[in-house]
Amino acid sequence: MLRNGVKKLTLETSSAAIGFTSLLSAPDFLHYSRDHRSVYKVLEACRLSSDYKAASAIHARIFKLGYGSYPSLVASLVSTYLQCDLLLLARKLLDQVFRLDFNVVIVNLVIEHLMGLGEYGFAKKCFHKTPVRDVITWNLMIGGYVRNARFEEALSFFREMLDSNVEPDKFTFASVMTGCARLGAINHALWVHRLMTEKEIELNPILSSALIDMYSKCGRIQTAKEVFNSADHSDVSVWNAMINGLAAHGLPFDAIAVFSKMEVENIFPDSITFIGILTACSHSGLVEEGRKQFNLMSSRYSIEPQIEHYGVMVDLFGRAGLLEEAYAVIEAMPVEPDVVIWRALLSACRIYQKPKLGEVAIANMSRLKSGDYVLLSNMYCSMKRWENAEGVRELMKKKGVRKIRGRSWIELGGVIHRFKAGDRSHPETEGLYKVLDGLIRRTKLEGFLPQTDLVLMDISEEEKEGNLNHHSEKLALAYGILKTSPGREIMISKNLRICHDCHNWIKLVSKLLIRVIIVRDRIRFHQFEGGSCSCEDYW
């Protein structure tokens, strides 16, 4: 029986599907086909294993079972065909949705499921085929792009929505602000906030939290404080946004003060509150305060620590050089430590040159990423254990693991300029490299020595310096200096943690040029001014 009188969507059966219908008559599949949720689970297994033969057979059987109107099944089938490079079948499947009587509810659900599976390209195709789009259709596209980390596309769709005379609602602005926050795009953020005010969108806890988070992540922590002070404080999410923003900016005492104010106003903290407080302590080396807050979770607030809290404690001890305590936390955990926790320990082992414990961390990481190999290799390099480092690099080659490239971006005049390490694709490459080369010469005259010990050892010292000189944040900074007037603040965002060489170099540049330079890396904000950094070289 179909809800709301919506007609069944018949799914075209390819010749491949007909050939495999016998597969689906087996008792095991019949057992799983009692309802559409069971069919979806089987189909998802096909998708994850890229088993297009079984998926094609299920495609045929879905119609016979009467599940042809279910958007989750349509989206999963499309995703499976795409993973198996069967683009034609995926397109035919979507075409079939639009051949029948149009129903915007069904199409919206298909878009939602496609976005949930990461198939934003086909969600976009579905959107452009849609003859009628309501505010939900636009919200699904904008929110879907944000969740898939396609923030500029989300903003582009938002502009298109405004041009199409569809009025955005609170859900639209919540998604758009999240996109601005992730980009760190202050000009976009100011525009979105102004537009929300003009349209008289009433603030609720979700929007207030999003506003605080947006300004925090765009480097405007003072503006975030102003929003917080004027917001309704009745919801814990607003407090959490402020505490996490202060933690990211390395302002632990401000974060603790906000937490104390919660108690005065009788707002009960939740598990997210404590992630913010513990992170603030971790980023600033407040070990005893971190211990105290961790114990308060259960003793005063009856909040059982979750794996994320244990992870922050491992990070807290690891950053402070208390590696045995960090390892003791892992051993005492009531739940199985995940890869994030072992990675935090590995990072500390690299900083404090503890290769044996680092190898223990590696041995316990079931899903190694390129950054994990690089951490281990860098640890060996810093100890001049070249053979071990080379062994890790060879293992990466053998397993086909590629190092994640550093990427940085800067927003100027509402346009986001992106740079990769060693990038020469920007239209103004020649000018920015002239600026960069000039800065490198000036910093060397001031006594700056590139930190070459973490660069692969099988190249000359000059080549190592060249490698460091062209890191993405240096290119973004050079471009910012090229395009802005003297004395203007520059903000850069980066996808990875800033390296020690770039950190020390930018400190000196801030002093030489008398500029405030802000770098938001994957972990936190660094505000460089007068030759110092707000992190006090602890990050």
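None of these values were measured; they are calculated from a predicted model. (Residues numbered from 1 in each chain as written. Predicted model: local features only at pLDDT ≥ 70, side-chain atom pairs only at ≥ 80, totals over all residues. Heavy atoms only, no water.)

## Section: helix 21 (residues 339-351)
Right, on to step 1. Counted at 1.5 Å a residue, the expected span for helix 21 with its 13 residues is 18 Å, and the 18 Å between its end C-alpha atoms agrees.
Right, on to step 2. Counting buried positions along helix 21 gives ten out of 13 residues, so the element sits mostly inside the fold.
Right, on to step 3. Residues Val 339, Ile 341, Trp 342, Ala 344, Leu 345, Leu 346, Ser 347, Ala 348, Cys 349 and Arg 350 constitute the buried set of helix 21.
Right, on to step 4. Residue Gln 353 follows helix 21 closely and has a positive phi angle near 55 degrees. (Helix = DSSP H or I, 4+ residues; strand = E, 2+ residues; numbered from the N terminus. Expected span 1.5 Å × (residues − 1). Buried < 20%, exposed > 50% of the residue type's maximum accessible area, 1.4 Å probe, protein only.)

## Points about the UniProt feature "repeat: PPR" (unreviewed entry) in the protein chain
Right, on to step 1. UniProt records the feature "repeat: PPR" (unreviewed entry) for residues 134-168, 169-203 and 235-269 in the present numbering.
Right, on to step 2. In this annotation, residues 134-168 is assigned 74% helix and 0% strand; the end-to-end C-alpha distance for the span is 10 Å.
Right, on to step 3. Taken end to end, residues 169-203 is 77% helix and 0% strand, and its first and last C-alpha atoms sit 11 Å apart. (UniProt positions renumbered as here; feature names shortened; annotations may be inferred.)

## What to know about the sheet that holds strand 4 (residues 517-520)
Right, on to step 1. The strand order across the open sheet built from six strands is 2-1-3-4-5-6, with neighbouring strands paired in mixed fashion. Two strands lie at the open edges of the sheet, namely strand 2 (415-420) and strand 6 (532-533), each paired on one side alone.
Right, on to step 2. Both strand 5 (residues 525-529) and strand 6 contribute to a ladder of two bridges, which runs antiparallel. Bridge pairing in strand 6 places Glu 529 opposite Ser 532. (Pairing = 2+ DSSP bridges.)

## Observations regarding the side chain of Ser 209
Right, on to step 1. You can see Ser 209 is positioned in helix 13 (residues 205-217).
Right, on to step 2. When neighbours within four sequence positions are excluded, Ser 209 is seen to be in contact with Ser 237, Val 238 and Ala 241. (Contact = heavy atoms within 4.5 Å.)

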